[in-house]
Amino acid sequence: MRERRAAQERRRAREFEAFVAGAAGRLLRAATLLTAEPEDRRAPDAERLLTLALARTYAAWDRLRGEDPYDRTRQEMAARFAHSAWRERLPRALGHGRRPPPGGLLGRLSPQERLVLVLRLYEGVAEEQTAAQLGLPAERVHTLCLRAVGHMRSNPPAGHAKAPVRGGAPAPEPVGVPDAPQAPDAPQAPDAPPAPSIPDPLLPAPHPEAAAP
């Protein structure tokens, strides 16, 4: 029994290490966008946010049962950030007594706007799924996303040219879900508001191939 348990622990450690090797870079950038820390230097708040989320994922590794560990880690990270963002106390929630240093790509946005923008445009999470995860009405998520995109486009960060507006461009689909074939000129449903286009500096890197548990 002891040898079997040790073998399971070694297998879980190998799988988790392979997952982290493939996913940590993208997850850390998402965390850095959330904490609004500069990306050209170490981001301790983002690292702590990601470390806590990865610890929760590892603790539940054997119970994932086919669930994508990347999605699980992103949900854990967003949930922890949301807990602080809704109260405007991000530094205290992350264990620090200072405000995040200025200069991050999304530093001009509120924590709520940053969270919605990262989930919707950087991670490609559907509007309804984002709303359910954050416990907000879909209309509120839509408004926050549009407001954040508008602010980013009217006030681009230093060093980034204002990106051209691509009205009606769809948000990226989650990785692993193939694009549904569409007719070239298929009209959009009249009641469906167009998804905001992605500010160029926020374009994500390719989604890592997460190792299944």
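Residues numbered from 1 in each chain as written. Predicted model: local features only at pLDDT ≥ 70, side-chain atom pairs only at ≥ 80, totals over all residues. Heavy atoms only, no water.

### Concerning helix 5 (residues 111-122)
Right, so step 1: Taking burial as the measure, the 12 residues of helix 5 include 12 buried ones, the bulk of the element.
Right, so step 2: Three or more residues of helix 5 are buried, namely Pro111, Gln112, Glu113, Arg114, Leu115, Val116, Leu117, Val118, Leu119, Arg120, Leu121 and Tyr122.
Right, so step 3: Two residues or fewer after helix 5 comes Gly124, characterised by a positive phi angle close to 70 degrees. (Buried < 20%, exposed > 50% of the residue type's maximum accessible area, 1.4 Å probe, protein only. Helix = DSSP H or I, 4+ residues; strand = E, 2+ residues; numbered from the N terminus.)

### Description of the packing of aromatic side chains
Right, so step 1: Following the criterion strictly, the structure yields four aromatic pairs and no others.
Right, so step 2: Summarising the aromatic geometry, the rings of Phe16 and Phe19 are spaced 6.2 Å apart at their centres and angled 55 degrees between planes, so their arrangement reads as tilted. A residue pair is termed a helical-turn pair when its members lie 3 or 4 positions apart in one helix, as Phe16 and Phe19 do in helix 1 (residues 2-35) at three residues.
Right, so step 3: Here Phe19 falls in the buried class, since its relative accessible area comes to 1%.
Right, so step 4: Chaining the aromatic ring pairs together yields one cluster made of Phe16, Phe19, Tyr58 and Trp61.
Right, so step 5: If you follow Arg12 out to its NZ or CZ, it ends over the ring of Tyr58, 4.6 Å from the centre.
Right, so step 6: Lying across the ring of Tyr122, Arg26 places its NZ or CZ 4.9 Å from the centre. (Phe/Tyr/Trp six-rings, centres within 6.5 Å; stacked < 30°, edge-to-face > 60°. Lys NZ or Arg CZ within 6 Å of the ring centre and 35° of its normal.)

### Details of the packing of helix 1 against helix 5
Right, so step 1: Across the interface, helix 1 lies against helix 5 with an axial gap of 8 Å and an inter-helix angle of 150 degrees. Here the hand of the crossing between helix 1 and helix 5 comes out right-handed. The residues of helix 5 that touch helix 1, namely those facing Arg26, Arg29, Ala30, Leu33, Leu34 and Thr35, are Arg114, Leu115, Val118 and Tyr122.
Right, so step 2: Taken together, the residues of the contact of helix 1 with helix 5 sort by class into six nonpolar, one polar and three charged. (Axes fitted to C-alpha atoms, helices over the stretch in contact; angles between N-to-C directions. Left-handed = near helix turned anticlockwise from the far one by under 90°. Contact = heavy atoms within 4.5 Å. Nonpolar A, V, L, I, M, F, W, Y, C, P; charged D, E, K, R; others polar.)

### Regarding the nonpolar core
Right, so step 1: Ranked by size, the top nonpolar core spans 42 residues in total, and within it Phe19, Met77, Leu106, Leu115 and Leu117 carry the most contacts.
Right, so step 2: For this core, the secondary-structure elements that each account for two or more residues are helix 1, helix 2 (44-59), helix 3 (69-85), helix 5, helix 6 (127-134) and helix 7 (138-154).
Right, so step 3: The element best represented in this core is helix 1, accounting for eight residues. (Core = buried A, V, L, I, M, F, W, Y, C linked by side-chain atoms within 4.5 Å.)

### Structural notes on empty space enclosed by the protein
Right, so step 1: For the structure on display, the rule yields two cavities of 30 Å³ or more.
Right, so step 2: In this structure, the second largest cavity occupies an estimated 40 Å³ of space.
Right, so step 3: Lining of the second largest cavity is provided by Ala30, Leu34, Arg74, Met77, Ala78, Leu115, Val118, Leu119 and Glu123.
Right, so step 4: Breaking the lining of the second largest cavity down by element, the ones donating at least two residues are helix 1, helix 3 and helix 5.
Right, so step 5: Tallied by class, the residues present in the lining of the second largest cavity amount to seven nonpolar, no polar and two charged. (1 Å grid on protein atoms, 1.4 Å probe; cavity = no way out; pocket = protein on both sides within 12 Å on 5 of 7 lines; lining within 4 Å. Points joined across faces, edges and corners; volume = space filled by probe spheres on them.)

### Describing the packing of helix 2 against helix 3
Right, so step 1: Running from N to C, helix 2 and helix 3 cross one another at 130 degrees; their axes reach a closest spacing of 8 Å. For the element pair helix 2 / helix 3, the angle class is oblique. Crossing of helix 2 against helix 3: the hand is right-handed. Across the interface between the two elements, Leu49, Leu50, Leu52, Ala53, Leu54, Arg56 and Thr57 of helix 2 pack against Pro69, Arg72, Thr73, Glu76, Met77, Arg80 and Phe81 of helix 3.
Right, so step 2: Grouping the amino acids of the contact of helix 2 with helix 3 by side-chain chemistry returns eight nonpolar, two polar and four charged. (Parallel < 35°, antiparallel > 145°, perpendicular 65-115°, else oblique.)

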